[in-house]
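Residue strings, one per chain:
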Amino acid sequence: QEHLVESGGGLVQAGGSLRLACAAPENIFKNYAMAWFRQAPGKEREFVAWITLMSTTSCEDFVKGRFTVSRDSTKNTMYLQMNNLKPEDTAVYYCARHYRGGAYDLSSYDYWGQGTQVTVSS
């Protein structure tokens, strides 16, 4: 049973843009911070950005100025707007619900989506 569902991935040229979405049931989305992670082939899953219940956001340095995370509580959906994409952004992108603990710790998240592939060509 899928609780978080990502969408919006695809193939784009370097410099292009994509908007990822993460939809969840209200009981899962409401009252929790949410985050985006990504995993490139042969690499560990890494933190990208997160957004609190009050929409305070934080992004890793490698995406600052290019990616923006947001949430729409009326749609129980989180977004990741990705601009000026680079080939090194190629990865499977996952959304997750933060339950407790540090934002960078994978074990702090109790619900994960199935991931959406983002491929950036040079």
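## Structural notes on the overall build of the protein chain
Phase 1: For the protein chain, the count of helices and strands is 1 helix and 11 strands.
Phase 2: In the protein chain, the succession of helices and strands from N to C terminus is β-β-β-α-β-β-β-β-β-β-β-β.
Phase 3: At 13 Å, the protein chain has a C-alpha radius of gyration in line with the 14 Å of a compact globule built from 122 residues.
Phase 4: Each of the three principal axes of the protein chain carries a C-alpha extent, and together these read 40 × 30 × 30 Å.
Phase 5: Counting every position in the protein chain, which comprises 122 residues, the buried fraction comes to 43%.
Phase 6: Taking the contacts inside the protein chain whose residues are at least 6 apart along the sequence as the reference set, 56% of them involve residues at least 24 apart.
Phase 7: Element-wise, carbon and sulfur atoms account for 47% of the exposed surface of the protein chain, whose accessible area totals about 6400 Å².
Phase 8: Of note, the protein chain has its 12 positive side-chain charges centred 4 Å away from the centre of its 12 negative side-chain charges.

## Digging into the side chain of Glu6
Phase 1: The topology assignment puts Glu6 in strand 1 (residues 5–7).
Phase 2: Nearest to the buried, unbridged Glu6 among oppositely charged side chains is Arg45, at 7.3 Å.
Phase 3: In terms of polar contacts, Glu6 uses its side chain to reach the backbone amide nitrogen of Gly115, at 2.8 Å.
Phase 4: Not counting chain neighbours up to four residues away, the residues in contact with Glu6 comprise Ala21, Cys22, Trp36, Tyr93, Tyr94, Cys95, Gly113, Gln114, Gly115 and Thr116.

## A closer look at the nonpolar core
Phase 1: Of all hydrophobic cores here, the largest spans 26 residues; its most connected members are Trp36, Val48, Phe67, Met78, Leu80, Met82 and Tyr93.
Phase 2: Looking at this core, the elements that each hand over two or more residues are strand 3 (18–23), helix 1 (26–29), strand 4 (34–39), strand 5 (46–51), strand 7 (67–72), strand 8 (77–82), strand 9 (91–98) and strand 11 (116–121).

## Looking at the pattern of salt bridges
Phase 1: Overall, the coordinates contain 5 salt bridges when judged by the stated rule.
Phase 2: Between Glu46 and Arg38 there is a salt bridge, with its nearest N and O atoms 2.8 Å apart.
Phase 3: For Glu46, a relative accessible area of 31% corresponds to the partly exposed category.

Basis of the calculations
Here the residue index of a chain counts from 1 through its sequence in written order. Per-residue local features of the predicted model are confined to residues with pLDDT of at least 70, and side-chain atom pairs are confined, for both listing and counting, to 80 or more; whole-chain, interface and lining totals are unaffected and use all residues. Here the side-chain values reflect all heavy atoms present in the structure, with hydrogen atoms and water set aside. Numbering of helices and strands starts at the N terminus; helices are DSSP runs of H or I of at least 4 residues and strands are runs of E of at least 2. Our radius of gyration looks at C-alpha atoms and nothing else; its globule reference is 2.2 Å times the residue count to the power 0.38. Note on exposure labels: buried denotes an accessible area under 20% of the residue type's maximum, exposed denotes more than 50%, and partly exposed covers the range between, all computed with a 1.4 Å probe on protein chains only. Only heavy atoms matter for contacts: two residues are in contact if any of them lie within 4.5 Å across the pair. In this description, accessible areas are obtained by the Shrake-Rupley approach with a 1.4 Å probe, and a residue is regarded as covered only by the protein chains that are shown. We count Lys and Arg on the positive side and Asp and Glu on the negative side, and we leave His and both chain ends out. Where a charge sits is defined by one atom per residue type, namely NZ (Lys), CZ (Arg), CG (Asp) or CD (Glu). The term salt bridge refers to a side-chain nitrogen of Lys or Arg lying within 4 Å of a carboxyl oxygen of Asp or Glu. Under this definition, polar contacts are N or O atom pairs within 3.5 Å; protein pairs additionally need one hydrogen-donor-capable and one acceptor-capable atom, and for neighbouring residues in sequence, both atoms have to be side-chain atoms. Only buried residues count toward a nonpolar core, which is a set of Ala, Val, Leu, Ile, Met, Phe, Trp, Tyr and Cys residues joined through side-chain atoms within 4.5 Å.

That is the geometry; function is a separate question.
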